[in-house]
Amino acid sequence: MAPLPGAGRTYTAERLVRLGDVSPKGRLRLDAVARYLQDIATDDAVDAGLEGALAWVVRRTVVRVERFARFREPLTLTTFASGSGRSWAERRTTIRGAEGAVLDAAALWVSVDPTSGRPAPLNEGFVRVYGEAVGGRKVRARLSHPDPTPGLDQAPWPFRFADFDALDHVNNAVYWAVVEEHLARRPDLTAPLTVEVEHRLAVEREHAVAVEAKADADGGLWVWVVDADPAGERRVHASARVWPGVVGALS
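Residues numbered from 1 in each chain as written. Predicted model: local features only at pLDDT ≥ 70, side-chain atom pairs only at ≥ 80, totals over all residues. Heavy atoms only, no water.

(A) Focus on the sheet that holds strand S3 (residues 74-84). Strand order in the open sheet made by the 10 strands is S1-S3-S4-S5-S2-S7-S10-S9-S8-S6, with antiparallel pairing throughout. Looking at which strands have only one partner, the edges of the open sheet turn out to be strand S1 (11-16) and strand S6 (155-156). By the bridge criterion, seven bridges tie strand S8 (residues 209-215) to strand S9 (residues 221-227) in an arrangement that is antiparallel. Residue pairing across strands places Ala213 opposite Val223, the latter belonging to S9. Lying over the sheet, helix H3 (residues 172-183) contacts strand S2 (56-67), strand S7 (193-199), S8, S9 and strand S10 (236-244), oriented at roughly 135° with respect to S7. (Pairing = 2+ DSSP bridges. Helix = DSSP H or I, 4+ residues; strand = E, 2+ residues; numbered from the N terminus. Contact = heavy atoms within 4.5 Å. Axes fitted to C-alpha atoms, helices over the stretch in contact; angles between N-to-C directions.)

Laid out in structure tokens, this is it:
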């Protein structure tokens, strides 16, 4: 993860951890963190007057949690562009709590044409707004998670009307709720920890999916959201890996 830039645009917002953001024990949930990340990303792009500010889809997000936030904890979020490629950019966000919460995130967002939905090259407006902060750092959009291990049990995961966003796809934050469901079964996996979610295929209405999961040899966890039809093509829509501990250093 790239550190805060020495020059260039950064954007800061305040957030209070609300009742709908926390677990039964008062811990800030990861799906709430994902919503925070997409909200501040949109607010920054709109505030900067970036053309196509809303025409981005998330491809990959990694969140490192040194200490989770708690219910009613005031948070300061600072975001900045930390890398770019042909049609994508990386956005770093730091989350610091008044009571000691420490979270860091890096998300890869792909610029898309709002009409066709296909990737669109970054334009001069992006360079004008974020180029100085990026500082020439290049990032790749390639995904790295493997397919699920054959023979894993499937658990149906019905998406609700409320899970679909303005693009009529399941919102990226919902996949983090899937991770939370499996973390609830692993009380040993608590902060510090690192979670990475990759998005391959959007889930649209009336599409049946299931979840497969397995323990990792290093004490972590793998989770996959796949097509529910066992007789059909076994496509992966999203995947997540959870590592115990804080993985990777700020570069």
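That was the structure; now back to the text.
(B) Layout of the environment of Trp56. Structurally, the position occupied by Trp56 is in strand S2. With a relative accessible area of 15%, Trp56 lands in the buried category. (Buried < 20%, exposed > 50% of the residue type's maximum accessible area, 1.4 Å probe, protein only.)

(C) Just the nonpolar core, in detail. With 45 residues, the main nonpolar core has Leu30, Val63, Leu75 and Phe159 as its most contacted residues. Not counting the four nearest positions on each side in its chain, Leu30 is found in contact with Val63, Val65, Phe68, Trp176, Val179, Glu180, Leu183 and Val195. (Core = buried A, V, L, I, M, F, W, Y, C linked by side-chain atoms within 4.5 Å.)

(D) Representation of the packing of helix H1 (residues 30-47) against H3. At a minimum axis separation of 7 Å, H1 and H3 run at an interaxial angle of 160°. Relative to H3, the element H1 lies roughly antiparallel. Crossing of H1 against H3: the hand is right-handed. Between H1 and H3, the residues in contact are Leu30, Asp31, Ala34, Arg35 and Gln38 and Asn172, Ala173, Trp176, Ala177, Val179, Glu180 and Leu183, respectively. Split into classes, the residues belonging to the contact of H1 with H3 amount to seven nonpolar, two polar and three charged. (Parallel < 35°, antiparallel > 145°, perpendicular 65-115°, else oblique. Left-handed = near helix turned anticlockwise from the far one by under 90°. Nonpolar A, V, L, I, M, F, W, Y, C, P; charged D, E, K, R; others polar.)

(E) Region of interest: the packing of aromatic side chains. Counted under the stated rule, the structure contains four aromatic pairs. For the pair Phe126 and Tyr130, a centre-to-centre distance of 5.3 Å together with 50° between the ring planes defines the contact as tilted. One end of the pair, Phe126, and the other, Tyr130, are both in helix H2 (residues 124-134), four residues apart, so they sit about a helical turn from each other. Of the two residues, Phe126 and Tyr130, both sit in the buried class. Centre to centre, the rings of Phe159 and Tyr175 are 6.1 Å apart; their planes meet at 65°, and the pair counts as edge-to-face. Taken together, the residues Phe159 in the loop between S6 and H3 and Tyr175 in helix H3 connect sequence positions 16 residues apart. Each member of the pair Phe159 and Tyr175 is classed as buried. Put simply, the rings of Trp56, Phe126 and Tyr130 touch in pairs and so form one group of aromatic residues. (Phe/Tyr/Trp six-rings, centres within 6.5 Å; stacked < 30°, edge-to-face > 60°.)

(F) Representation of the pattern of salt bridges in the model. Per the stated rule, a full pass over the model turns up 19 salt bridges. A salt bridge links Arg9 to Asp47; the shortest N-O distance between them is 2.8 Å. With Arg9 in the segment before S1 and Asp47 in helix H1, this pair connects stretches of sequence that are 38 residues apart. Between Arg137 and Glu90 there is a salt bridge, with its nearest N and O atoms 2.6 Å apart. Of this pair, Arg137 sits in the loop between H2 and S6 while Glu90 is found in strand S4 (residues 88-97), placing the two residues 47 residues apart along the sequence. Residue classification places Arg137 among the partly exposed residues on the basis of a relative accessible area of 30%. (Salt bridge = Lys/Arg side-chain N within 4 Å of Asp/Glu carboxyl O.)

(G) Main features of H3. Counted at 1.5 Å a residue, the expected span for H3 with its 12 residues is 16 Å, and the 18 Å between its end C-alpha atoms agrees. Counting buried positions along H3 gives 10 out of 12 residues, so the element sits mostly inside the fold. Asn172, Ala173, Val174, Tyr175, Trp176, Val178, Val179, Glu180, His182 and Leu183 are the residues of H3 that are buried. Where H3 is buried, its residues touch H1, S2, S7, S8, S9 and S10. Taking the backbone nitrogen of Ala173 as reference, a side-chain oxygen 3.0 Å away marks Asn171 as the first, capping residue of H3. (Expected span 1.5 Å × (residues − 1). Polar contact = N/O pair within 3.5 Å; in protein donor to acceptor, adjacent residues only side chain to side chain.)

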